[in-house]
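Tertiary structure, described
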Amino acid sequence: MPIPIVNHTRFDWHSDTPSAERPLTMSGRDLQAAAVLLPHHHSWGQFTYALQGVMRVEANHSSWIVPQQRAVWIPPGVVHGVTVLENTHLRPMSVYAGRAPFAGNECKVLELSSLLRELLTALEQHDRSEQSPREHLLMEMILDEIPRCAVQPVRVPLPTDKRLKALCDALIADPGAERTLTNWAGQVGASERTLARLFERELGMGFAQWRQQARLAHAAPLIANGMPLSQVAAELGYASQSAFSAMFRKTFGCSPSAFFK
(Lines give C-alpha, C1' and ligand atoms only; values in the text may rest on other atoms or scores of the structure.)
Protein backbone atom coordinates (compact mmCIF):
# COMPACT_ATOMS: atom_id res chain seq x y z
CA MET A 1 0.00 0.00 0.00
CA PRO A 2 1.50 3.38 -0.97
CA ILE A 3 2.31 5.81 1.84
CA PRO A 4 0.07 8.90 1.69
CA ILE A 5 2.29 11.94 1.22
CA VAL A 6 0.96 15.24 2.50
CA ASN A 7 2.46 18.08 0.47
CA HIS A 8 2.76 21.07 2.78
CA THR A 9 2.52 23.48 -0.14
CA ARG A 10 -1.08 22.35 -0.71
CA PHE A 11 -2.06 21.14 2.74
CA ASP A 12 -4.01 23.81 4.64
CA TRP A 13 -2.27 23.20 7.94
CA HIS A 14 -2.75 26.78 9.11
CA SER A 15 -5.85 28.85 8.62
CA ASP A 16 -3.89 32.12 8.66
CA THR A 17 -0.47 33.47 9.51
CA PRO A 18 0.30 34.78 13.01
CA SER A 19 1.36 38.41 13.44
CA ALA A 20 2.51 40.80 16.15
CA GLU A 21 -1.11 41.86 16.63
CA ARG A 22 -2.45 38.25 16.69
CA PRO A 23 0.54 36.12 17.76
CA LEU A 24 -1.35 32.81 17.81
CA THR A 25 -3.55 31.13 15.22
CA MET A 26 -5.16 27.71 15.62
CA SER A 27 -6.74 25.01 13.51
CA GLY A 28 -7.83 21.40 13.88
CA ARG A 29 -6.55 18.58 11.68
CA ASP A 30 -7.19 14.85 11.30
CA LEU A 31 -4.46 12.76 9.67
CA GLN A 32 -4.53 9.07 8.86
CA ALA A 33 -1.95 6.54 10.01
CA ALA A 34 1.18 6.37 7.78
CA ALA A 35 0.58 9.84 6.35
CA VAL A 36 3.83 11.75 5.83
CA LEU A 37 4.23 15.51 5.93
CA LEU A 38 7.37 16.15 3.88
CA PRO A 39 10.25 18.18 5.37
CA HIS A 40 9.50 21.90 5.29
CA HIS A 41 9.89 25.04 7.38
CA HIS A 42 8.06 28.28 8.01
CA SER A 43 8.80 31.68 9.48
CA TRP A 44 6.61 31.13 12.54
CA GLY A 45 6.89 28.59 15.34
CA GLN A 46 4.55 25.63 15.62
CA PHE A 47 3.01 24.23 18.80
CA THR A 48 0.96 21.14 18.00
CA TYR A 49 -1.15 19.36 20.58
CA ALA A 50 -2.06 15.72 19.91
CA LEU A 51 -5.58 15.27 21.23
CA GLN A 52 -5.58 11.71 19.97
CA GLY A 53 -3.13 9.46 18.13
CA VAL A 54 0.64 9.43 17.79
CA MET A 55 3.08 11.16 15.44
CA ARG A 56 6.83 11.24 14.95
CA VAL A 57 8.58 14.53 14.24
CA GLU A 58 12.06 14.63 12.71
CA ALA A 59 14.17 17.79 12.85
CA ASN A 60 17.71 18.86 13.71
CA HIS A 61 19.02 15.30 13.22
CA SER A 62 16.68 14.03 15.93
CA SER A 63 13.37 12.22 16.22
CA TRP A 64 10.58 12.87 18.74
CA ILE A 65 7.62 10.59 19.41
CA VAL A 66 4.56 12.65 20.35
CA PRO A 67 1.82 10.55 21.97
CA GLN A 68 -1.70 11.74 22.64
CA GLN A 69 -2.22 14.38 25.30
CA ARG A 70 1.29 15.74 24.64
CA ALA A 71 2.45 18.63 22.46
CA VAL A 72 5.51 19.34 20.34
CA TRP A 73 7.20 22.73 19.95
CA ILE A 74 9.00 23.39 16.65
CA PRO A 75 10.89 26.73 16.53
CA PRO A 76 10.61 29.17 13.60
CA GLY A 77 12.76 28.30 10.61
CA VAL A 78 13.51 24.71 11.68
CA VAL A 79 13.14 22.18 8.86
CA HIS A 80 10.93 19.32 10.05
CA GLY A 81 8.92 16.42 8.75
CA VAL A 82 6.05 14.49 10.35
CA THR A 83 5.13 10.82 10.13
CA VAL A 84 1.72 9.82 11.49
CA LEU A 85 2.05 6.54 13.41
CA GLU A 86 -1.65 6.27 14.28
CA ASN A 87 -4.76 8.14 13.21
CA THR A 88 -4.37 11.53 14.86
CA HIS A 89 -6.55 14.44 15.84
CA LEU A 90 -4.30 17.48 16.15
CA ARG A 91 -4.51 21.07 17.28
CA PRO A 92 -1.75 22.88 15.35
CA MET A 93 -1.06 26.38 16.64
CA SER A 94 1.14 28.85 14.79
CA VAL A 95 3.21 31.17 16.97
CA TYR A 96 4.55 34.51 15.77
CA ALA A 97 8.36 34.28 15.73
CA GLY A 98 8.75 37.36 17.88
CA ARG A 99 6.71 35.71 20.66
CA ALA A 100 8.33 32.26 20.64
CA PRO A 101 7.98 30.77 24.16
CA PHE A 102 11.45 29.19 24.03
CA ALA A 103 14.79 30.55 22.85
CA GLY A 104 16.96 28.64 20.40
CA ASN A 105 16.31 26.03 17.71
CA GLU A 106 15.61 23.01 19.90
CA CYS A 107 12.34 21.10 19.49
CA LYS A 108 10.58 19.94 22.64
CA VAL A 109 7.84 17.51 23.63
CA LEU A 110 5.78 18.96 26.47
CA GLU A 111 3.35 17.65 29.04
CA LEU A 112 0.46 20.07 28.97
CA SER A 113 -0.78 21.48 32.27
CA SER A 114 -4.49 21.38 33.02
CA LEU A 115 -4.56 25.16 32.75
CA LEU A 116 -2.98 25.16 29.30
CA ARG A 117 -5.48 22.58 28.04
CA GLU A 118 -8.36 24.77 29.17
CA LEU A 119 -6.79 27.88 27.65
CA LEU A 120 -6.28 26.15 24.30
CA THR A 121 -9.88 24.94 24.31
CA ALA A 122 -11.12 28.45 25.09
CA LEU A 123 -9.04 29.97 22.30
CA GLU A 124 -10.23 27.35 19.83
CA GLN A 125 -13.86 28.14 20.64
CA HIS A 126 -13.33 31.88 20.34
CA ASP A 127 -14.85 33.61 17.33
CA ARG A 128 -11.85 34.39 15.13
CA SER A 129 -13.76 36.71 12.79
CA GLU A 130 -12.78 39.67 14.95
CA GLN A 131 -10.18 40.42 17.57
CA SER A 132 -11.28 41.16 21.11
CA PRO A 133 -9.75 41.87 24.53
CA ARG A 134 -10.71 38.32 25.61
CA GLU A 135 -8.83 36.75 22.69
CA HIS A 136 -5.79 38.89 23.48
CA LEU A 137 -5.86 37.80 27.14
CA LEU A 138 -6.16 34.12 26.19
CA MET A 139 -3.18 34.39 23.87
CA GLU A 140 -1.07 36.12 26.49
CA MET A 141 -1.92 33.49 29.10
CA ILE A 142 -1.12 30.66 26.68
CA LEU A 143 2.25 32.17 25.82
CA ASP A 144 2.97 32.59 29.53
CA GLU A 145 1.93 29.01 30.40
CA ILE A 146 3.70 27.06 27.63
CA PRO A 147 7.26 27.48 29.01
CA ARG A 148 6.00 26.42 32.45
CA CYS A 149 5.05 22.95 31.19
CA ALA A 150 7.31 19.99 31.89
CA VAL A 151 9.59 18.91 29.03
CA GLN A 152 9.54 15.16 28.34
CA PRO A 153 12.90 13.48 27.54
CA VAL A 154 11.74 11.57 24.47
CA ARG A 155 14.31 12.87 21.99
CA VAL A 156 16.14 10.24 19.94
CA PRO A 157 19.20 11.73 18.16
CA LEU A 158 19.76 10.66 14.55
CA PRO A 159 23.09 10.31 12.72
CA THR A 160 24.28 11.56 9.35
CA ASP A 161 26.70 8.72 8.56
CA LYS A 162 24.91 6.40 6.10
CA ARG A 163 26.06 3.19 7.79
CA LEU A 164 24.97 4.33 11.24
CA LYS A 165 21.75 5.77 9.84
CA ALA A 166 20.86 2.39 8.33
CA LEU A 167 21.30 0.80 11.75
CA CYS A 168 19.29 3.47 13.57
CA ASP A 169 16.48 3.47 11.02
CA ALA A 170 16.18 -0.31 11.35
CA LEU A 171 16.03 -0.10 15.15
CA ILE A 172 13.44 2.67 15.10
CA ALA A 173 11.31 0.48 12.84
CA ASP A 174 11.86 -2.56 15.11
CA PRO A 175 12.98 -1.33 18.54
CA GLY A 176 12.67 -4.78 20.07
CA ALA A 177 15.37 -6.24 17.83
CA GLU A 178 17.99 -7.94 20.00
CA ARG A 179 20.93 -7.87 17.59
CA THR A 180 24.26 -6.93 19.11
CA LEU A 181 26.51 -4.28 17.66
CA THR A 182 28.57 -7.10 16.18
CA ASN A 183 25.50 -8.42 14.38
CA TRP A 184 24.66 -4.97 13.06
CA ALA A 185 28.23 -4.47 11.85
CA GLY A 186 27.87 -7.27 9.34
CA GLN A 187 24.53 -5.94 8.15
CA VAL A 188 25.46 -2.28 7.56
CA GLY A 189 28.99 -2.77 6.24
CA ALA A 190 31.11 -1.33 9.05
CA SER A 191 33.17 -2.91 11.80
CA GLU A 192 31.91 -3.04 15.38
CA ARG A 193 34.70 -0.69 16.43
CA THR A 194 33.77 1.80 13.70
CA LEU A 195 30.09 1.76 14.69
CA ALA A 196 30.94 2.22 18.37
CA ARG A 197 33.10 5.21 17.47
CA LEU A 198 30.35 6.67 15.28
CA PHE A 199 27.77 6.37 18.06
CA GLU A 200 29.96 8.35 20.42
CA ARG A 201 31.03 10.91 17.83
CA GLU A 202 27.69 11.58 16.12
CA LEU A 203 25.16 10.82 18.86
CA GLY A 204 27.14 11.44 22.02
CA MET A 205 26.29 8.07 23.56
CA GLY A 206 26.93 4.36 23.20
CA PHE A 207 24.86 1.85 21.26
CA ALA A 208 23.08 0.44 24.33
CA GLN A 209 22.05 3.87 25.61
CA TRP A 210 20.78 5.00 22.19
CA ARG A 211 18.76 1.79 21.77
CA GLN A 212 17.27 2.30 25.22
CA GLN A 213 16.14 5.82 24.30
CA ALA A 214 14.63 4.58 21.05
CA ARG A 215 12.76 1.84 22.90
CA LEU A 216 11.41 4.18 25.56
CA ALA A 217 10.25 6.66 22.94
CA HIS A 218 8.48 3.83 21.12
CA ALA A 219 6.90 2.67 24.39
CA ALA A 220 5.05 5.95 24.94
CA PRO A 221 2.33 5.48 22.30
CA LEU A 222 1.91 1.79 23.18
CA ILE A 223 1.24 2.60 26.83
CA ALA A 224 -0.95 5.57 25.94
CA ASN A 225 -3.15 3.22 23.90
CA GLY A 226 -3.62 0.88 26.84
CA MET A 227 -1.27 -1.95 25.94
CA PRO A 228 -0.45 -3.97 29.11
CA LEU A 229 3.01 -3.18 30.46
CA SER A 230 4.04 -6.83 30.28
CA GLN A 231 3.29 -6.84 26.56
CA VAL A 232 5.08 -3.53 26.02
CA ALA A 233 8.15 -4.88 27.80
CA ALA A 234 8.17 -8.06 25.71
CA GLU A 235 7.68 -6.17 22.44
CA LEU A 236 10.60 -3.87 23.21
CA GLY A 237 13.03 -6.61 24.20
CA TYR A 238 13.03 -6.21 28.00
CA ALA A 239 13.46 -9.34 30.09
CA SER A 240 10.52 -8.49 32.35
CA GLN A 241 7.89 -5.89 33.11
CA SER A 242 9.80 -4.83 36.23
CA ALA A 243 12.99 -4.28 34.20
CA PHE A 244 11.10 -2.10 31.75
CA SER A 245 9.34 -0.14 34.53
CA ALA A 246 12.66 0.47 36.30
CA MET A 247 14.21 1.85 33.11
CA PHE A 248 11.14 3.99 32.44
CA ARG A 249 11.25 5.44 35.95
CA LYS A 250 14.98 6.15 35.65
CA THR A 251 14.40 8.11 32.44
CA PHE A 252 11.10 9.89 33.12
CA GLY A 253 11.25 10.15 36.90
CA CYS A 254 7.99 8.28 37.44
CA SER A 255 6.31 4.98 36.69
CA PRO A 256 4.61 4.35 33.31
CA SER A 257 1.17 4.43 34.96
CA ALA A 258 1.89 7.79 36.62
CA PHE A 259 3.28 9.22 33.36
CA PHE A 260 0.04 8.49 31.51
CA LYS A 261 -2.34 9.14 34.39
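Residues numbered from 1 in each chain as written. Predicted model: local features only at pLDDT ≥ 70, side-chain atom pairs only at ≥ 80, totals over all residues. Heavy atoms only, no water.

- The name an unreviewed UniProt entry gives the protein chain is Helix-turn-helix domain-containing protein, with Duganella levis as the organism.

**Points about the nonpolar core**
- Counting 29 residues, the largest nonpolar core has Val 66, Val 232 and Phe 244 as its most contacted members.
- Only strand E6 (55-59), strand E7 (62-66), strand E8 (70-74), strand E9 (80-84), helix H6 (207-224), helix H7 (229-235) and helix H8 (241-252) provide two or more residues apiece to this core.
- Top element by residues in this core is H6. It accounts for 4 residues.
- If near-sequence neighbours (up to four positions away) are discounted, Val 232 is found in contact with Ala 219, Leu 222, Ile 223, Met 227 and Phe 244.
- Counting 24 residues, the second largest nonpolar core, distinct from the first, contains Val 54, Trp 184, Ala 214 and Ala 217. (Core = buried A, V, L, I, M, F, W, Y, C linked by side-chain atoms within 4.5 Å. Buried < 20%, exposed > 50% of the residue type's maximum accessible area, 1.4 Å probe, protein only. Helix = DSSP H or I, 4+ residues; strand = E, 2+ residues; numbered from the N terminus. Contact = heavy atoms within 4.5 Å.)

**Things to note about unusual backbone geometry**
- For Asn 60, which is not glycine, the phi dihedral falls at a positive 50 degrees.
- Relative to the helices and strands, Asn 60 resides in the loop between E6 and E7.
- The exposure class of Asn 60 is partly exposed, given its relative accessible area of 40%.
- Of note, His 61 is a non-glycine position whose phi angle comes to about 60 degrees, a positive value.
- With respect to the secondary-structure elements, His 61 resides in the loop between E6 and E7.
- On the accessibility criterion, His 61 (54% relative accessible area) is exposed.

**Points about the environment of Tyr 238**
- Structurally, Tyr 238 is set in the loop between H7 and H8.
- As a C-alpha pair, Tyr 238 and Arg 99 span 139 residues in sequence and 43 Å in three-dimensional space.
- Those residues in contact with Tyr 238 that lie beyond four places of it in its chain are Gln 212, Arg 215, Leu 216, Ala 233, Ala 243, Phe 244 and Met 247.

**Observations regarding the pattern of salt bridges**
- On inspection of all chains with the given rule, the structure shows 8 salt bridges.
- Between Arg 56 and Glu 58 there is a salt bridge; the shortest N-O distance is 3.5 Å.
- Accessibility expressed as a relative area gives 36% for Glu 58, which makes it partly exposed.
- For the salt bridge of Arg 163 with Asp 161, the shortest nitrogen-to-oxygen distance reads 3.0 Å.
- Its relative accessible area of 15% is what places Asp 161 among the buried residues. (Salt bridge = Lys/Arg side-chain N within 4 Å of Asp/Glu carboxyl O.)

**Comments concerning the packing of helix H1 (residues 114-125) against helix H2 (residues 133-145)**
- Between H1 and H2, whose axes approach to 10 Å, the crossing angle comes to 150 degrees. Compared by their axis directions, H1 and H2 come out roughly antiparallel. The hand of the H1/H2 crossing is left-handed. Residues Leu 115, Leu 116, Leu 119, Leu 120, Ala 122 and Leu 123 of H1 touch H2, and the partners they reach there are Arg 134, Glu 135, Leu 138, Met 139, Met 141, Ile 142 and Glu 145.
- Residue composition of the contact of H1 with H2, by class: 10 nonpolar, no polar and 3 charged. (Axes fitted to C-alpha atoms, helices over the stretch in contact; angles between N-to-C directions. Parallel < 35°, antiparallel > 145°, perpendicular 65-115°, else oblique. Left-handed = near helix turned anticlockwise from the far one by under 90°. Nonpolar A, V, L, I, M, F, W, Y, C, P; charged D, E, K, R; others polar.)

**Side note on the side chain of Glu 145**
- Tracing the backbone through its elements, the reader meets Glu 145 in helix H2.
- An unpaired buried charge is present at Glu 145: no salt bridge exists, and Arg 148, the closest side chain of opposite charge, is 4.3 Å distant.
- If near-sequence neighbours (up to four positions away) are discounted, Glu 145 is found in contact with Ser 113, Leu 115, Leu 116 and Leu 119. (Lys, Arg positive; Asp, Glu negative; His and termini not counted.)

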